[in-house]
Amino acid sequence: MTNATFVTNWVLDTVKKEYAQDIALVVSHTTLRIDDSEKAIGYFVPVTERGYQFGRTFILNGEGFDIWGIGWERLEKFANLEEYNITCLADGEILYARSPEDARRFKDLQKRQLEYLSNPSVMRKNALTAYEQAKKIYLEMLFAQDSDVKMGAGYVLDYLAQAIAFSNLRYFKKAQTEQIQELSTMEKVPQGFPDLYCRIILEPDQEKQKSLCYESINLVKDFLQSLVPPHETMVKQDLDFQMLADWYGELSYTWLRIRYYAEQNDAVKVYMWGIMLQNELNHICEAYGLQKMQLMDAYRADQLLKFAEHANQLENMIQSMIIREGGTIHTYTSTEDFLYEI
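Small disclaimer: the values here were computed from a predicted structure and weren't measured.

Asker: So what exactly am I meant to see when it comes to the sheet that holds strand 2 (residues 41-46) here?
Answerer: What links the strands of a sheet is backbone hydrogen bonding, and the strands pair in either a parallel or an antiparallel sense. Reading across from one edge, 3-4-2-1-5 is the order of the five strands in this open sheet, with mixed pairing throughout. Every interior strand has two partners, whereas the edge strands, strand 3 (56-60) and strand 5 (93-97), have only one. On average, each strand axis in the sheet is inclined to that of its neighbour by 25°, with strand direction left out of account. Sheet topology note: the strand 1 (residues 23-28)/strand 5 ladder contains four bridges and is antiparallel. Bridge pairing in strand 5 links Leu 25 to Ala 97.

Asker: How should a nonpolar patch on the surface be read in this particular structure?
Answerer: Taken together, the side chains of Val 268, Tyr 271, Met 272, Ile 275 and Met 276 define a hydrophobic patch exposed on the protein surface, amounting to about 440 Å² of accessible area. Counting through the fold element by element, Met 272 comes out in helix 12 (residues 267-287).

Asker: Honestly, the pattern of salt bridges in this entry has me stumped. Any pointers?
Answerer: Tallying each qualifying case throughout the model produces twelve salt bridges. A salt bridge links Glu 63 to Arg 33; its shortest N-O distance comes to 2.8 Å. Pair noted here: Glu 63 is in strand 4 (residues 63-69) and Arg 33 is in the loop between strand 1 and strand 2, with a separation of 30 residues, a long-range link. Taking the shortest distance from any N to any O, the salt bridge between Glu 325 and Arg 324 comes out at 3.4 Å. In this structure Arg 324 comes out as partly exposed when scored by relative accessible area, which is 46%.

Asker: So what exactly am I meant to see when it comes to unusual backbone geometry here?
Answerer: If you check the backbone angles, Asn 61 has positive phi at about 50° while not being a glycine. Inspection of the secondary structure assignment puts Asn 61 in the loop between strand 3 and strand 4. If you check the backbone angles, Leu 169 has positive phi at about 60° while not being a glycine. With respect to the element layout, Leu 169 can be found in the loop between helix 7 (147-167) and helix 8 (179-183).

Asker: Just checking my understanding: could you explain the environment of Glu 63 for this structure?
Answerer: On the accessibility criterion, Glu 63 (26% relative accessible area) is partly exposed. Measuring from C-alpha to C-alpha, the distance between Glu 63 and Ala 4 comes to 8.8 Å, with 59 residues separating the pair along the chain. Setting aside residues no more than four positions away along its own chain, Glu 63 makes contact with Asn 3, Arg 33 and Phe 58.

Asker: Would you explain the environment of Asn 119 in this entry?
Answerer: Its place among the elements puts Asn 119 in the loop between helix 5 (100-117) and helix 6 (120-141). Taking the relative accessible area as the measure of exposure, Asn 119 reaches 14% and is therefore buried. C-alpha separation for the pair Asn 119 and Leu 169, spaced 50 residues apart in sequence, amounts to 7.5 Å. At 3.2 Å, the side chain of Asn 119 and the backbone nitrogen of Val 122 are in polar contact.

Scoring rules and cut-offs
Residues numbered from 1 in each chain as written. Predicted model: local features only at pLDDT ≥ 70, side-chain atom pairs only at ≥ 80, totals over all residues. Heavy atoms only, no water. Pairing = 2+ DSSP bridges. Helix = DSSP H or I, 4+ residues; strand = E, 2+ residues; numbered from the N terminus. Axes fitted to C-alpha atoms, helices over the stretch in contact; angles between N-to-C directions. Patch = residues over 30% accessible without salt bridge, like charges linked within 9 Å, V, L, I, M, F, W, Y side chains within 5 Å. Areas by Shrake-Rupley, 256 points an atom, 1.4 Å probe, with all protein chains shown as cover. Salt bridge = Lys/Arg side-chain N within 4 Å of Asp/Glu carboxyl O. Buried < 20%, exposed > 50% of the residue type's maximum accessible area, 1.4 Å probe, protein only. Contact = heavy atoms within 4.5 Å. Polar contact = N/O pair within 3.5 Å; in protein donor to acceptor, adjacent residues only side chain to side chain.

In C-alpha cells form, the structure reads like this:
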C-alpha cells in the first residue's frame, strides 16, 4: 500500500467516524501530484470550525502531505474563476459526501465553472487580468537581483501562459509545471512563445532574462490585441452600456479641452489632457473587452490639430457603440430642451 493510499483511507475513516457533522466532502485532486494516477486525498470541505481544525501537514516515510480544508465560500470563488488553481475544482473527484445535497452542490459548482470557462467574454477578461499581472511582476523584476530575477521570470511566464490558455477557453490542469505541453494542444498560441518560454528558463544571465521577458510580454500583448476586431466587444452580454454612456458624458469635456487647446497651439495642455484621456480609455477598453484605443500614439507637438482630429475619431467610435448597444447619451441642443426633460 502506498503512503497516499494509506493516508487517504485514514482520512476517509476518520471523517466518517469523528467528523460526520463537520465535513461535507472529501475530494481527490491529483493533477499536481508526481503520480497523478491514484485517487489520493486532495482536500476536504469543512462546514464547522471543528471541521477546519481537521487540517494538518506531516511527512510520512519521507513523503509530505498537506490535508487542507476549502470552505464552500472559497469553492464559490473557484467556480467564478477568482482563484488561481482552477484545476482544484475542475478536476476534483468526490471520495466522500456527507449527503447527496453536498455532492450535488459540489457538482453544481463544477458546472458553473465550466460555463464560465466556455464564456468568451469572461475568459477574455481573465486573459487580460493575467497579462496585467505578468507586466506588474516584470516591473518588479527590473529592480530585482539574483534569485528574485529568476523567480520573477518564472511567474511572468506563468501568467502570460495563463493569458494564452484563457484566450483558448482553457486552463492548465498541471498549473505551472507542464504549460508547454498543454499549450501544444491549444489552437491559438502566439508563434514563438513556446521557444521564448524555454529560452527564459534556460538563460543563466539575469539581464538577458529580463530582456527576454520583455520580448515575451510584447509578443503576448500583440497576440491578445489580434484576437479582437478593432474597437468591437467580444460578447455584448452582461455589459452595462448606460454606464459607458455616463462615463462618456463625464469625459466629453476632456475631448472639448483637447480641441480647444489644439486650436490655441498649446502643446503642453494638449499633451497633459491627452494622457488623462488615454488613461480613462485604457480602463474602458479593458472593462468592455475592446482593443486598446491608441490616442497618445498620434501626438506630435507640431501637429496638434491632427491629434485633435484623431481624438475626435475615437470619440465618434465610442458614441456610435453606446447608441448601437442601447445606451443613452444625455445631450441637449438648447436650454429649453434641457429644462423640458429635467
